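Structural overview for review
The residues making up each chain are set out below.
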Amino acid sequence: MLKMLFEDYLSPLDKTKTFENVAFSKANKEAVDAAESYINQSNESRYYPLMIVGNSGCGKTHLSNAIANQLLETNPSAKIAIFQVEEFKILMTEVERQHLYSEFDTWLSSHDLIIFEDVHKFQEYPLLAKQIFWHINSLLHAHKKLIFTSICPPDKIKNIEDRLRSRLNWNQILKLS
């Protein structure tokens, strides 16, 4: 029952977005290569998150979905969670309303890869930005793979606490043009 509640807020993985059909310019080759190698990194030896930064329409979601699809190709039983910031906000409101903090943390940490799309929108939701800090910390300590997408790097996201900005700056930042 709770699993269904939480999963109602996930964005679907687009199975058509893969590295085989990625159409990035030569200027983005380094970022695409780094993204492609990310999933093969051991969770124990190197568990840094990725942040994919670029203007709207440049392929951030394609690249994050390609990484997720590659993970499923190598590990078909892998669990992936993809959140849009707005949906995550609604989910966190529901978690708070029903006092499901522990259950949500357990459910979220059961995933192998967690993707947060459009994290620059945290600047619109300062309370959500505070909440996400604790989840990011917990997931990092559990050696989970995290991907964030944004139209700007962490230093340019306004209205978030320095500690969240610091965690987002731990990311390997891939810039798309």
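Predicted model, so just to flag it, every value in this text is computed and none were measured.

**Comments concerning helix H2 (residues 29-38)**
For H2, the complete set of buried residues consists of Ala-31, Val-32, Ala-34, Ala-35 and Tyr-38. The buried residues of H2 occupy an angular sector of 160° when projected down its axis, which confines them to one face. In H2, those exposed residues whose orientation departs by more than 90 degrees from the buried face are Lys-29 and Glu-30. Those residues of H2 that are buried are in contact with strand S1 (50-53), helix H3 (60-74), strand S4 (145-150) and strand S5 (172-175).

**Here we look at the pairing of S1**
Residue alternation in S1 divides its side chains into two sets, Leu-50 and Ile-52 and Met-51 and Val-53, and both sets are buried. Note: S1 against S4, 4 bridges, orientation parallel. Each residue of the ladder has a partner; that of Ile-52, found in S4, is Thr-149. Where S1 meets S5, 4 bridges bridge the pair, whose relative direction is parallel. Each bridged residue has a counterpart across the sheet, and for Met-51 the counterpart in S5 is Ile-173.

**Quick look at the nonpolar core**
Grouped together as the largest cluster of nonpolar side chains are 35 residues, with contacts concentrated most on Phe-83, Phe-104, Phe-122 and Leu-164. Broken down by element, the residue count for this core peaks at 7 residues, all from helix H6 (residues 126-141). Setting aside anything within four residues of it in sequence, one finds Leu-164 in contact with Phe-122, Ala-129, Ile-132, Phe-133 and Ile-136. Residues Tyr-38, Leu-50, Ala-78 and Ile-82 belong to the second largest nonpolar core, which totals 26 residues.

**Some thoughts on the pairing of strand S2 (residues 80-84)**
With 4 of its 5 residues buried, S2 lies for the most part within the structure. Alignment of S2 against strand S3 (residues 113-117), held across 5 bridges, turns out to be parallel. Note that in S3 the partner of Ala-81 across the bridge is Ile-114.

**A look at the pattern of salt bridges**
Under the defined criterion, the tally for this structure stands at 7 salt bridges. The shortest N-O distance in the salt bridge between Glu-86 and Lys-121 comes to 3.0 Å. Taken together, the residues span a long stretch of sequence, with Glu-86 in helix H4 (residues 85-98) and Lys-121 in the loop between S3 and H6 at a distance of 35 residues. Judged by its relative accessible area of 26%, Glu-86 falls in the partly exposed class. Residue Glu-161 is joined to Lys-130 by a salt bridge in which the shortest nitrogen-to-oxygen separation is 3.8 Å. In this pair, Glu-161 sits in the loop between S4 and helix H7 (162-169) while Lys-130 sits in helix H6, placing the two residues 31 residues apart along the sequence. On the basis of relative accessible area, Glu-161 is assigned to the partly exposed category, the value being 28%.

The rules behind these values
Residues numbered from 1 in each chain as written. Predicted model: local features only at pLDDT ≥ 70, side-chain atom pairs only at ≥ 80, totals over all residues. Heavy atoms only, no water. Buried < 20%, exposed > 50% of the residue type's maximum accessible area, 1.4 Å probe, protein only. Helix = DSSP H or I, 4+ residues; strand = E, 2+ residues; numbered from the N terminus. Arc of directions from axis to C-beta. Contact = heavy atoms within 4.5 Å. Pairing = 2+ DSSP bridges. Core = buried A, V, L, I, M, F, W, Y, C linked by side-chain atoms within 4.5 Å. Salt bridge = Lys/Arg side-chain N within 4 Å of Asp/Glu carboxyl O.

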